[in-house]
Every structure is written in structure tokens, then in C-alpha cells.
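Inside the fold
Take a look at the letters that make up each chain.
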Amino acid sequence: DGLTGLHNRRYFHEQLAREVARAQRYGRDLALVVFDLDDFKSINDRIGHLAGDAVLAETAERARGVLRSADIACRVGGDEFAVLLPEASGREAELLCGRLHRAVSSSAVAEAGNVSVSAGIAELQADDDPNTFFERADQALYRAKERGKSQVVRAPGGNAPSNATRRPG
């Protein structure tokens, strides 16, 4: 992605298919985090689209700073990002979301001031294909938004029940 320096949507879907196949073939853990900036449209409306682009670029940079080297971070559209976490459980994805939240919301981001993120997490299930896996994480993100934003929601399934974690912010 030219704006953020992260991988783009096409690369994400290629790697998603590859990692899902690999994890299912070898019985490995795979988690997926889908996150976005809360109220990004209002940021663009308030400070303009060029400044909004700077917010996206800085958010991506902060995200890179908390990822493991094996994680695959991508911008999948607008202000939506996805991170594939090979060999990671849902609990490890929750820990990443905590680091991500602290990295993004701990200090002002570009001209926007303080911002927060919401995230959805899914753990790969035996009957998932790449599309259903992504859709479960994306739906968890929508539930986080519906529950008041600045939250992490874990999709049903996996080794632990679905939950929501309120993030200070």
C-alpha cells in the first residue's frame, strides 16, 4: 500500500489463503485481527483528507512497532487493517490488540489528536475457508463498533468463548 507501507488488500487475500491452507494442513493455530480507527470519517471531515492520510500512515507505523516478525499486516481498505498471526491463538491475538491499542491511543496521532481503534478477532476453525475466516473477524469488528467502539470482540469459536474487552480511551 503506497500510503501506509503495509501490504495491500490483494497481498492480504493471497496470504490469507496460503496461511489458512498451511494451518489446516498441519493442525496449526492461526488468528486474524481486523481493526480500524474509530470515527475516522469525522477525522477526515475535521482536518481534511490529506491530514487523514497522515493519520493512517502513522497508525500503520505504530502497528508495525508492536507486531511479531511473523505477523502479516495489511491495509485492506479505507481505514481498515488486517493482521494475520501464524502460530497464534485467540488469546495471543487479544494481547496484540492490547499492544496495538496502547501504541495508537497513548499519544496524539498526526493532526487528529487522540484516536482509538476497535478490533475483531477470529481463530481459524476446521470448517473455515479463507472467506469465512475473514468474515468472522470482520463481523466481530462490527460488533465492537456496535458495543461502543474502542473495544476488541472475539468471534465465536476457537479455544475460548466469545467475549468483548473494553479498552480505555
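For the structure itself, look to the data block above.
**Side note on the overall build of the chain**
Across its full length, the chain holds 5 helices and 6 strands. Starting at the N terminus, the α and β elements of the chain follow one another as α-β-α-α-β-β-α-β-α-β-β. Counting only C-alpha atoms, the chain reaches 45 × 30 × 25 Å along its principal axes. Evaluated residue by residue, the chain yields a buried proportion of 51% over its 169 residues. Sequence separation of at least 24 residues holds for 67% of the intrachain contacts in the chain that already meet a minimum separation of 6. Total accessible area on the chain is roughly 7800 Å²; 49% of this is exposed by carbon and sulfur atoms.

**Comments concerning the packing of helix H2 (residues 40–47) against helix H3 (residues 49–64)**
Two elements in contact, H2 and H3, have axes whose closest approach is 7 Å; the angle formed by their N-to-C orientations is 135°. Overall, the two elements H2 and H3 adopt an arrangement that is oblique. When H2 is examined against H3, the residues Phe 40, Ile 43, Asn 44 and Ile 47 are found in contact with a partner set consisting of His 49, Ala 51, Gly 52, Val 55 and Leu 56. The residue inventory of the contact of H2 with H3, partitioned by class, reads 6 nonpolar, 3 polar and no charged.

**Looking at the nonpolar core**
Membership of the largest hydrophobic core comes to 31 residues, with the highest contact counts inside it found for Val 33, Phe 35, Leu 37 and Val 83. Mapped by element, the contributors of at least two residues to this core are strand E1 (30–37), H2, H3, strand E3 (80–86), helix H4 (90–105) and strand E4 (117–123). Sequence-distant contacts of Phe 35, defined by excluding residues within four places in its chain, comprise Thr 59, Ala 63, Asp 79, Glu 80, Phe 81, Val 83, Leu 100, Val 117, Ser 118, Ala 119 and Leu 141. Leu 16, Leu 84, Leu 141 and Ala 155 belong to the second-largest nonpolar core, a separate cluster that totals 22 residues.

**Observations concerning the pattern of salt bridges**
A complete count under the given rule lists 17 salt bridges for this structure. Across the pair Asp 36 and Lys 145 runs a salt bridge, and its minimum N-O distance is 2.6 Å. Highlighted residues: Asp 36 in strand E1 and Lys 145 in helix H5 (residues 130–146), separated in sequence by 109 residues. One network of salt bridges, with partners in common, ties together Arg 18, Glu 19, Arg 22, Arg 28 and Glu 87.

**A word on the packing of helix H1 (residues 9–26) against H5**
Where H1 meets H5, the axes come as close as 9 Å, and the angle between the chain directions of the two elements is 110°. Taken together, the axis directions place H1 and H5 in an arrangement best described as roughly perpendicular. Note on element contacts: H5 touches H1 through Pro 130, Phe 133 and Phe 134, opposite Phe 12, Leu 16, Ala 17 and Val 20. Among the residues making up the contact of H1 with H5, the classes are represented as 7 nonpolar, no polar and no charged.

**Comments concerning H1**
Given 3.6 residues per helical turn, the α-helix brings residues three or four places apart onto the same face. When the terminal C-alpha atoms of H1 are compared, their 26 Å separation across 18 residues agrees well with the 26 Å that a helix rising 1.5 Å per residue should span. Those residues of H1 that fall on the buried side of the exposure criterion are Phe 12, Gln 15, Leu 16, Glu 19, Val 20 and Ala 23. Relative to the axis of H1, the buried residues are bounded by an arc of 140° and lie together on one face. Away from its buried face, by an angle of more than 90 degrees, H1 presents the exposed residues Arg 10 and Arg 25. Once H1 ends, the next one or two residues include Gly 27, with phi positive near 65°.

**Re the environment of Ala 103**
For Ala 103, the location among the structural elements is in helix H4. Not counting residues up to four positions away in its chain, the partners in contact with Ala 103 are Arg 62 and Val 66.

Cut-offs and rules
- Chains are numbered independently. Their residues run from 1 in the order of the written sequence.
- Given that this is a predicted model, residues contribute local features only at a pLDDT of at least 70 and side-chain atom pairs are listed and counted only at 80 or more, while totals for whole chains, interfaces and linings are drawn from all residues.
- Computation of side-chain values: all heavy atoms of the structure, hydrogens and water removed.
- Secondary structure elements follow DSSP: runs of H or I of four or more residues count as helices, runs of E of two or more count as strands, with numbering from the N terminus.
- Any residue under 20% of the maximum accessible area for its type is buried, any over 50% is exposed, and the rest in between are partly exposed; the area is computed with a 1.4 Å probe on protein chains only.
- Any two residues whose heavy atoms approach within 4.5 Å are treated as being in contact.
- With residues, only the protein chains shown are counted as cover, and all accessible areas are computed by Shrake-Rupley using a 1.4 Å probe.
- Comment: axis = line fitted to C-alpha atoms, over the contacting stretch for helices; angle = value between 0 and 180 degrees taken between N-to-C directions.
- Just so you know how the angles are binned, under 35 degrees is roughly parallel, over 145 roughly antiparallel, 65 to 115 roughly perpendicular, and the rest oblique.
- Following the grouping adopted for this structure description, the nonpolar residues are Ala, Val, Leu, Ile, Met, Phe, Trp, Tyr, Cys and Pro, the charged ones are Asp, Glu, Lys and Arg, and the polar ones are all others, Gly among them.
- Residues belong to one nonpolar core when they are buried, are Ala, Val, Leu, Ile, Met, Phe, Trp, Tyr or Cys, and are joined through side-chain atoms within 4.5 Å.
- Here a salt bridge means any side-chain nitrogen of Lys or Arg lying within 4 Å of a carboxyl oxygen belonging to Asp or Glu.
- To estimate how far a helix should reach, multiply one less than its number of residues by 1.5 Å.
- Of all possible arcs, the one meant is that of the directions from the helix axis to the C-beta atoms.

Interpretation in functional terms is not warranted from these geometric data alone.
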